[in-house]
Every structure is written in C-alpha cells, then in structure tokens.
Amino acid sequence: MGKFFYIEGAYLILGAIILLVTLFVTTRPFMSENAKKKGLTSVFLVLAAAIGAHYWVTTSRMETVKQAFERGEPIICESRMVRKGAQSLVLKKSLGWRLEGDYFVSDAYVRPFFSARCVVLEK
C-alpha cells in the first residue's frame, strides 16, 4: 500500500482538488437538487478508474523492467541530474548496476534510479 501512495500521491491530491471543485460547482443555486450526488459520484468513479489504471500500468512496467534487467537486457532511465545534453541513461547489469528493491543503484552514481521511470531499451 505504501508503493501505491508513493506512485499515486500527486494524483490523489489532484483528485481531491477536482472533487472539491465539483462539490463547489454542484452546490451552486442554479444547479438541480441531485447535481451534487450525481456529480460527485460520476467524477469520483472516473478519477478512481484513471488512478487505478495508471497504478496498474506503472507497476506492470516496473515488473517488466526488473525482469529484463535480471536477464541482462539494457534499460533506459531518465536522468534528473543532468538537464542539459543527455537526459537519459542506459543501465545494464554487466556495467555494474544492481537492483535494490525498486531502485537501480551503482557505485558510480550518487542518485538511484526508480524503476517506474525506466523502460526496456528495444533492440
């Protein structure tokens, strides 16, 4: 459950803000009596489906990346350390990278790379 809040935390906050805006709009005098119930229900269901789908896609990609890394395939990750020039980095087990939990770690780099921000490099 901690991984869910870590990956989807920002989207949960945005969803709460969207629900608050929906509540504000549906309680205006020009709206019908059932607008609040219908509006909040439908917006909540759409947000829950979108956040759930994003979590499923992200965790599926993370597992694919981890499995490919263990097989020795190259993985490409975004580099947030260098914003100019190359903004991605190719990781490979044979180049001294290791997997610790959900993070790719190397003694040559200060920061680890979160597997959710990586993809398998297609050949």
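The written sequence of each chain sets the order in which its residues are numbered from 1. Given that the model is predicted, a residue must reach a pLDDT of at least 70 before its local features are reported, and side-chain atom pairs must reach 80 or more before they are shown or counted; all residues, however, enter totals for whole chains, interfaces and linings. Side-chain metrics rest on all non-hydrogen atoms present in the structure, leaving aside hydrogens and water.

1. Quick word on a nonpolar patch on the surface
Note the cut-off: Each patch is built from salt-bridge-free residues with over 30% relative accessible area, joining like charges within 9 Å and nonpolar side chains (Val, Leu, Ile, Met, Phe, Trp, Tyr) within 5 Å. The accessible surface values rely on the Shrake-Rupley method and a 1.4 Å probe; as for residues, cover is taken only from the protein chains in view. We define a salt bridge as a contact between a side-chain nitrogen of Lys or Arg and a carboxyl oxygen of Asp or Glu at a distance within 4 Å. To qualify as a helix, a DSSP run of H or I must reach at least 4 residues; to qualify as a strand, a run of E must reach at least 2; elements of each kind are numbered from the N terminus. We call a residue buried when its accessible area falls under 20% of the maximum for its residue type, exposed when it is over 50%, and partly exposed in between, using a 1.4 Å probe and counting protein chains only.
A surface patch of nonpolar side chains, amounting to about 660 Å² of accessible area, comprises Y11, I13, L14, I17, V21, F24 and V25. Position of Y11 relative to the elements: it lies in helix α1 (residues 2–26). Taking the relative accessible area as the measure of exposure, Y11 reaches 40% and is therefore partly exposed.

2. Here's the deal with the nonpolar core
Defined as follows: What we call a nonpolar core is a set of buried Ala, Val, Leu, Ile, Met, Phe, Trp, Tyr and Cys residues that are connected through their side-chain atoms within 4.5 Å. Any pair of residues with heavy atoms lying within 4.5 Å of one another is described as a contacting pair.
In terms of nonpolar packing, the biggest core is built from 12 residues, these being V65, A68, F69, I75, C77, L89, L91, W97, F104, F113, C118 and V120. Elements supplying a minimum of two residues to this core: α2 (35–70), β1 (75–78), β2 (88–91) and β6 (118–120). In terms of residue count, α2 provides more of this core than any other element does, 3 residues in total. With near-sequence residues (within four places) excluded, I75 lies in contact with V65, A68, F69, L89, V90, L91, F104, C118, V119, V120 and L121.

3. So, α2
Along an α-helix, residues three or four apart share an orientation, since each turn contains 3.6 residues. Formally: Between the first and last residue of a helix there are one fewer steps than residues, each counted as 1.5 Å, and that sum is the expected span.
The first and last C-alpha atoms of α2 sit 52 Å apart over 36 residues, in line with the 52 Å expected at 1.5 Å per residue. Among the residues making up α2, those that are buried are A35, G39, L47, I51, T58, T59, M62, V65, K66, A68 and F69. Immediately beyond the C-terminal end of α2, within one or two residues, lies G72, with a positive phi of roughly 90°.

4. Observations regarding the side chain of E8
Formally: Charged residues are defined here as Lys and Arg on the positive side and Asp and Glu on the negative side; His and the ends of the chain fall outside this count. Pairs of N or O atoms within 3.5 Å make up the polar contacts considered here, provided that, within protein, one atom can donate a hydrogen while the other can accept it, and that residues adjacent in sequence are counted only when both atoms are side-chain atoms.
Positionally, E8 belongs in helix α1. For the buried E8, which has no salt bridge, the nearest side chain bearing the opposite charge is R117, at an N-O separation of 7.9 Å. A polar contact of 2.7 Å, which involves the side chain of E8, links it to the side chain of H54. E8 has contacts with I51, H54 and Y55, leaving out every residue within four places of it along the chain.

Nothing here speaks to function; it is all geometry.
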